[in-house]
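Summary of structural features
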Amino acid sequence: MSGPEKLVLLGKVVGVHGIRGELKLESYTEPRTQIFRYQPWRLRSASGEATIAGSRGRAQGKGIVATLPGVDDRDAAAALIGSEIWVARSALPKSTPGEYYWTDLEGLEVVTLEGRALGVVSHLIATGANDVLVVKDAERERLIPFILGQFVTGVDLECGRISVDWDPEF
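Keep in mind that what you see is a predicted model, and the values were worked out from it rather than measured. (Residues numbered from 1 in each chain as written. Predicted model: local features only at pLDDT ≥ 70, side-chain atom pairs only at ≥ 80, totals over all residues. Heavy atoms only, no water.)

**A look at the environment of L113**
For clarity, the cut-off: A helix here means a DSSP run of H or I that spans at least four residues, while a strand means a run of E at least two residues long, and both kinds are numbered starting from the N terminus.
Within the element layout of this structure, L113 appears in the loop between β8 (109-112) and β9 (117-126). Between the C-alpha atoms of L113 and S163, which are 50 residues apart in sequence, the distance is 6.3 Å.

This is the structure:
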């Protein structure tokens, strides 16, 4: 199965810094400056999409400040406010056993231990205590805690399936 490469949202342009075209970013990576390791960026906004390679930056207060090639003044930087920062999934490091990128779980079929299909992972929610799978089928939506060994008994990325110990009526 071949198609367009999956993209992962890593951050957003939230403001400008100074007059030389630096941007304030909100990074979804941990640590936040890790966003600069994954390139090229695909900046997406209501006005279109642009691919940027060679971005650099630093931590600044609670956020980060970035310099992008070709963005040399405050006006050029201001035009990018609101842009989302996406990267190809292949730019991210391989996950370790028992750890998963949310993007790799989205779209997987979810089945009970008895083999009953519950639906497909639409997306995940971070609750603080644990992540939650949002599983949808034609009739309903289920929220299943993503706790390996307790509710999630297996994840098979090759087969596209997550097995869960979950009551289908819940």
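**Looking at the pairing of strand β4 (residues 48-52)**
Quick reminder of the rule: Only strands joined by at least two bridges in the DSSP assignment are considered to pair.
With five bridges joining them, strand β3 (residues 41-45) and β4 adopt antiparallel strand pairing. Paired with S45 across the two strands is G48, which belongs to β4. The antiparallel pairing of β3 with β4 creates a hairpin that spans two residues between the two strands.

**Focus: the sheet that holds β9**
Worth spelling out the cut-off: Fitting a line to C-alpha atoms yields each axis, with helices limited to the stretch in contact; the angle taken between N-to-C directions then spans 0 to 180 degrees.
The strand order across the open sheet formed by six strands is β11-β10-β9-β8-β13-β12, and the pairing between neighbours is mixed. In the strand order of this sheet, the two ends are held by β11 (141-145) and β12 (152-156), each with one partner. Ignoring which end each strand starts from, the neighbouring axes of this sheet average 35° apart. Sheet topology note: the β8/strand β13 (residues 161-164) ladder contains four bridges and is parallel. By the bridge assignment, V110 is partnered in β13 with I162.

**Thoughts on the layout of surface pockets**
The cut-off we apply is this: Definitions used for this entry: grid spacing 1 Å over protein atoms alone; cavity, a set of points where a 1.4 Å probe fits but cannot get out; pocket, an open set with protein on both sides within 12 Å along at least 5 of 7 lines; lining residue, one with an atom within 4 Å of a point. Grid points are joined across faces, edges and corners, and a volume is the space filled by probe spheres set on the points. By the convention adopted, Pro, Cys, Tyr, Trp, Phe, Met, Ile, Leu, Val and Ala count as nonpolar, Lys, Arg, Asp and Glu as charged, and the other residues, Gly among them, as polar.
Its volume calculated, the largest pocket comes out at about 620 Å³. As for the largest pocket, its lining consists of 21 residues, of which V8, L10, Y28, Y101 and W102 are closest to the centre. Here the lining of the largest pocket gets four residues from one element, more than from any other, and that element is strand β1 (residues 7-17). Across the lining of the largest pocket, the residue classes break down as 14 nonpolar, three polar and four charged. Approximately 180 Å³ is the volume attributed to the second largest pocket.

**Let's talk about the pairing of β11**
As paired elements, strand β10 (residues 131-136) and β11 share five bridges and run antiparallel to each other. Each bridged residue has a counterpart across the sheet, and for V132 the counterpart in β11 is P145. Between β10 and β11, which pair antiparallel in sequence order, lie four residues.

**So, the pattern of salt bridges**
Inclusion rule: Each reported salt bridge corresponds to a side-chain nitrogen of Lys or Arg within 4 Å of a carboxyl oxygen of Asp or Glu. A 1.4 Å probe rolled over the protein chains alone gives each residue an accessible area, and that area as a share of the maximum for its type sets the label: buried under 20%, exposed over 50%, partly exposed in between.
Counting across every chain of the model gives seven salt bridges. Here E22 ties to R58 by a salt bridge, and the two come within 2.9 Å at their closest N and O atoms. Of the two residues, E22 sits in strand β2 (residues 22-27) while R58 sits in strand β5 (residues 56-60), which places them 36 residues apart along the sequence. Residue R58 is classed as partly exposed on the basis of its relative accessible area of 35%.

Structural measurements only, silent on function.
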